Amino acid sequence: MEIRSMRMNDLNQMSLEELKKLRRDVEKAIETYKDREKIAALAEVESLAREKGFSLAELLKSGGKKSRSGLPPKFVNPADPSQTWTGRGRRPKWIEAALAEGKSLGDLAIAQ
C-alpha cells in the first residue's frame, strides 16, 4: 500500500501489526531524512562539477593551502626572523637550541 494515496479509512482497516510496521517505517524514514538529503545534494554537486569539466575532488583541493593555525606567532628566531612559533605544539629546533644556549622564552618573544 502506497502511503501517498493512503486515507484514514485505509488506516482503520489495517491490522495492529501492519500499523506498527507502518510506524517503524515512518520513524526510520524520519531518522534517515537528513542523510538522504545529504546524499542527494552531493550527487547534485558532483553532477554540476562534471558538467563544468571537473571532479568534486579537484574542486575541493583547489581552495589553496590553508594555514594550520590561525594564531599569531608569539616567538621569533633572532637569527632568522622568518622562523616563528605560536607557542603551541612541539617546540621548533631553533627554540630548543636557544634554550640550550641559556636564553629564555622571554628573550625570543615577539614584542607586542
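Coordinates for the structure precede this section.
Please read these numbers as outputs of a predicted model, since none were measured by experiment. (Residues numbered from 1 in each chain as written. Predicted model: local features only at pLDDT ≥ 70, side-chain atom pairs only at ≥ 80, totals over all residues. Heavy atoms only, no water.)

Looking at the overall build of the protein chain
Across its full length, the protein chain carries six helices and two strands. Order of helices (α) and strands (β) in the protein chain, N terminus to C terminus: α-α-α-α-β-β-α-α. Sorting the 112 residues of the protein chain into buried and exposed places 12% on the buried side. Across the protein chain, every contact between residues at least 6 apart in sequence was considered, and the portion connecting residues at least 24 apart equals 21%. Carbon and sulfur atoms provide 53% of the accessible area of the protein chain, an area that totals close to 9900 Å². (Helix = DSSP H or I, 4+ residues; strand = E, 2+ residues; numbered from the N terminus. Buried < 20%, exposed > 50% of the residue type's maximum accessible area, 1.4 Å probe, protein only. Contact = heavy atoms within 4.5 Å. Areas by Shrake-Rupley, 256 points an atom, 1.4 Å probe, with all protein chains shown as cover.)

Looking at the nonpolar core
Core analysis: the biggest nonpolar cluster contains six residues, these being Phe75, Trp85, Trp94, Ile95, Ala98 and Leu108. It is helix α5 (residues 93–100) that provides the largest number of residues to this core, a total of three residues. Contacts of Phe75, omitting those with residues within four sequence positions, involve Gln83, Thr84, Trp85, Gly87, Trp94, Ile95, Leu105, Leu108, Ala109 and Ile110. (Core = buried A, V, L, I, M, F, W, Y, C linked by side-chain atoms within 4.5 Å.)

Digging into the side chain of Asn77
Mapped onto the secondary structure, Asn77 falls in strand β1 (residues 75–77). Side-chain polar atoms of Asn77 contact the backbone nitrogen of Ala79, separated by 3.0 Å. (Polar contact = N/O pair within 3.5 Å; in protein donor to acceptor, adjacent residues only side chain to side chain.)

A word on α5
Looking at α5, one finds that the buried residues are Trp94, Ile95 and Ala98. For α5, the angular spread of buried residues about the axis comes to 105 degrees, placing them on one side. Across from the buried face of α5, at angles greater than 90 degrees, the exposed residues are Lys93 and Ala100. Looking at the buried positions of α5, the neighbouring elements they touch are β1, β2 (80–85) and α6 (105–108). Among the residues trailing α5, Gly102 stands out with phi positive, at a value near 100 degrees. (Arc of directions from axis to C-beta.)

A word on the side chain of Thr86
Turning to its location among the elements, Thr86 is positioned in the loop between β2 and α5. Looking at Thr86, the relative accessible area reads 17%, which means it is buried. Side-chain polar atoms of Thr86 contact the backbone nitrogen of Arg88, separated by 3.3 Å.

What about the environment of Ala57?
Mapped onto the fold, Ala57 is located in helix α4 (residues 56–61). On the accessibility criterion, Ala57 (46% relative accessible area) is partly exposed. The spatial distance from the C-alpha of Ala57 to the C-alpha of Glu46 is 9.2 Å, given a sequence separation of 11 residues.

Honestly, it's all geometry; don't read function into it.
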